[in-house]
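A closer look at the structure
Here's the letter readout for the chains.
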Amino acid sequence: MLSQPLLRLASTVSRRRMKLLLVIALLTYVASVWGNLVNMRSIQENGELRIESRIEEIIEPLREKIRDLEKSFTQKYPPVKFLSEKDRKRILVTGGAGFVGSHLTDKLMMDGHKVTVVDNFFTGRKRNVEHWIGHENFELINHDVVEPLYIEVDQIYHLASPASPPNYMYNPIKTLKTNTIGTLNMLGLAKRVGARLLLASTSEVYGDPEVHPQTEDYWGHVNPIGPRACYDEGKRVAETMCYAYMKQEGPLTVYGSGSQTRAFQYVSDLVNGLVALMNSNVSSPVNLGNPEEHTILEFAQLIKNLVGSGSEIQFLSEAQDDPQKRKPDIKKAKLMLGWEPVVPLEEGLNKAIHYFRKELEYQANNQYIPKPKPTRIKKGRTRHN
Ligand SMILES: O=C(O)[C@H]1O[C@H](OP(=O)(O)OP(=O)(O)OC[C@H]2O[C@@H](n3ccc(=O)[nH]c3=O)[C@H](O)[C@@H]2O)[C@H](O)[C@@H](O)[C@@H]1O
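Residues numbered from 1 in each chain as written. Predicted model: local features only at pLDDT ≥ 70, side-chain atom pairs only at ≥ 80, totals over all residues. Heavy atoms only, no water.

Things to note about the side chain of T261
- Looking at where T261 falls in the secondary structure, it is placed in strand 7 (residues 261-263).
- Residue classification places T261 among the buried positions, given a relative accessible area of 13%.
- At a separation of 2.7 Å, a polar atom in the side chain of T261 contacts the side chain of E293.
- Those residues within four positions of T261 in sequence are excluded, and the remaining contacts are E293, H294, T295, Q324, K325 and R326. (Helix = DSSP H or I, 4+ residues; strand = E, 2+ residues; numbered from the N terminus. Buried < 20%, exposed > 50% of the residue type's maximum accessible area, 1.4 Å probe, protein only. Polar contact = N/O pair within 3.5 Å; in protein donor to acceptor, adjacent residues only side chain to side chain. Contact = heavy atoms within 4.5 Å.)

In structure tokens:
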């Protein structure tokens, strides 16, 4: 049924027209496929746009954070001098967040040193030193000096203490602890690392003075049980402790100008010389010594360097009858005993330093501390002290 009209159409339409119709149909089909493709593409583009804007939304706050971070990295610090490794000191400032301490910190930082501020923020404020936070030469530690501190430094400015009457009277026991135990801890630290310590005392150590104006050698007039005593006496004890440490821990001392000369030999050389002399047939005096002559000041400086000590050389008054020079002539020992010293000065000193270090360690660990005797009270008898 259906083929009849088609055949009829075929017979009426020329072959050329057929071709034309087929081409039109084909073009129509291609156009519709193309249209679909274009449509799909625009949907895809829309999707991509939406994803892109979503990504942008997420990324923007992150970009902002990066900008903030970059800003903080390029934060402007006050100008700081450049110091070579040799001249740059590691300096601890206790109470460095306080009024005096923070100004001192500024000066030390600007001079190019490495500064560690230790403060328990009792009266000090972080904002006093916040302009240094993040600087490679600066460190801020929240720490109470009443607790020991283990860091490596070359100098200690010890300023931590409540300073004004309302602050130091607020908790008198704590004020005493800060100035006594705190100072002891800082002195212990100074001793351990060989640092120089400066104590910030106070004019209150003069108390209610009977001498006016007050010179440093005035001992003061302090009421030891008054309301100010926790601070005044605390600082006075702190001064006492600094002096006790200085005396006990040996600042290196030199009598006179140090220009007097000496020649030191190492003990093993002397022992060998003694044995050689004993077993020889020499019965007259023989010099056994090392003729390497140096001034006492040169010895002091060499020892200071070898020990790695930061302590200053203290010049004391000249000792009575102190010989100005001394150096043995050892020609006789060489000739008669075939002996001469063989240990070089620096090697001998290093050995001696090692020996004395061990000796001090031993003494510290074996100190004899007498125990208090138990009180014996005899029954029936009155005790008279
Ligand atoms: O000349 C003085 O009489 C005083 O001068 C300064 O004191 P100042 O800077 O005036 O006082 P603050 O601004 O209160 O500074 C004291 C700092 O010590 C800190 N501190 C106090 C108490 C404590 O237990 N630990 C501690 O780190 C405080 O937080 C503060 O940062 C010194 O820091 C005091 O040691 C000194 O006694």
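Read on for the rest.
Remarks on the site of the ligand
- Inspection of the region around the ligand gives 23 residues, with F99, D119, T123, L159 and Y231 positioned closest.
- With respect to the ligand, the side chain of N120 contributes an N or O atom lying 3.0 Å from a nitrogen atom.
- A distance of 2.8 Å separates an oxygen atom of the ligand from a polar backbone atom of G124.
- Bound to the protein, the ligand loses 84% of the 710 Å² it would expose on its own.
- Elements supplying a minimum of two residues to the shell around the ligand: helix 3 (99-110), helix 5 (172-193) and helix 6 (229-248). (Near = heavy atom within 4 Å. Areas by Shrake-Rupley, 256 points an atom, 1.4 Å probe, with all protein chains shown as cover.)

Let's talk about helix 8 (residues 296-307)
- Taking 1.5 Å per residue, twelve residues should reach 16 Å; helix 8 reaches 16 Å between its end C-alpha atoms and fits that length.
- After helix 8 finishes, the residue G308 shows a positive phi value of roughly 75°. (Expected span 1.5 Å × (residues − 1).)

Description of the confidence of the model for the chain
- On average, the chain scores 86 in pLDDT, and the residues at 70 or more come to 81%.
- Taken as a whole, residues 377-385 scores under 50 in pLDDT and shows three contacts with residues more than four places along the chain or in a different chain.
- Scored as a complex, the prediction yields pTM 0.61 and ipTM 0.97. (pLDDT = per-residue confidence, 0-100.)

Examining the nonpolar core
- With 13 residues, the main nonpolar core has L92, L149, V153, I156 and L189 as its most contacted residues.
- In terms of residues, this core owes the most to one element, helix 5, which gives four residues.
- In this structure I156 touches L92, M186, L189, A190, A195, R196, L197 and L198, once residues within four positions along its chain are discounted.
- In this structure, L104, L108, V117 and V129 belong to the second largest nonpolar core, which totals twelve residues. (Core = buried A, V, L, I, M, F, W, Y, C linked by side-chain atoms within 4.5 Å.)

Description of the pattern of salt bridges
- Within the structure shown, the criterion is met by 15 salt bridges.
- For D322, the salt bridge is made with R262, and the minimal N-O distance between the two is 2.7 Å. In this pair, D322 sits in the loop between strand 9 (314-316) and helix 9 (331-337) while R262 sits in strand 7, placing the two residues 60 residues apart along the sequence.
- Since its relative accessible area comes to 22%, D322 is described here as partly exposed.
- Using a relative accessible area of 9% as the deciding quantity, one classes R262 as buried.
- K351 is the partner of E347 in a salt bridge, and the nearest nitrogen-oxygen pair spans 3.6 Å. Remark: K351 and E347 occur in helix 10 (residues 345-365); sequence separation between them is four residues, near one turn of the helix.
- Residue classification places E347 among the partly exposed residues on the basis of a relative accessible area of 38%. (Salt bridge = Lys/Arg side-chain N within 4 Å of Asp/Glu carboxyl O.)

Considerations on unusual backbone geometry
- With omega at -5°, the peptide bond leading from H212 into P213 counts as cis.
- For P213, the position within the fold is in the loop between strand 5 (196-199) and helix 6.
- Unlike most non-glycine residues, D321 shows phi in positive territory, near 60°.
- Tracing the backbone shows D321 in the loop between strand 9 and helix 9.

Comments concerning the packing of aromatic side chains
- Evaluated as defined, the whole model comprises five aromatic pairs.
- Ring centres 6.0 Å apart and planes at 25° place the aromatic pair Y206 and Y218 in the stacked group. Of this pair, Y206 sits in the loop between strand 5 and helix 6 while Y218 is found in the loop between strand 5 and helix 6, placing the two residues twelve residues apart along the sequence.
- Plain terms: the ring middles of Y355 and F356 are 5.0 Å apart, the flat faces sit at 80° to each other, and that makes the pair edge-to-face.
- With a relative accessible area of 48%, Y355 lands in the partly exposed category. (Phe/Tyr/Trp six-rings, centres within 6.5 Å; stacked < 30°, edge-to-face > 60°.)

So, helix 3
- Compared with an ideal rise of 1.5 Å per residue, which puts twelve residues at 16 Å, helix 3 spans 17 Å between its outermost C-alpha atoms and is within 8% of the ideal.
- Turning to helix 3, its buried residues number three or more, namely G101, S102, L104, T105, D106, L108 and M109.
- G112 sits one or two residues past helix 3 and shows a positive phi near 100°.

Comments concerning the sheet that holds strand 4 (residues 155-158)
- Pairing is parallel in the open sheet, where five strands are placed in the order 3-2-1-4-5. At either margin of the open sheet sits one strand with a lone partner, and together these are strand 3 (138-142) and strand 5. Ignoring which end each strand starts from, the neighbouring axes of this sheet average 15° apart.
- Of the strand pairs in this sheet, strand 1 (residues 90-94) and strand 2 (residues 114-119) are connected by five bridges, and their pairing is parallel. From the neighbouring strand, L92 faces strand 2, where its bridge partner is T116.
- Lying over the sheet, helix 3 contacts strand 1, strand 2, strand 3 and strand 4, oriented at roughly 170° with respect to strand 1.
- Lying on the sheet, helix 5 is in contact with strand 1, strand 4 and strand 5; it crosses strand 4 at an angle near 170°. (Pairing = 2+ DSSP bridges. Axes fitted to C-alpha atoms, helices over the stretch in contact; angles between N-to-C directions.)

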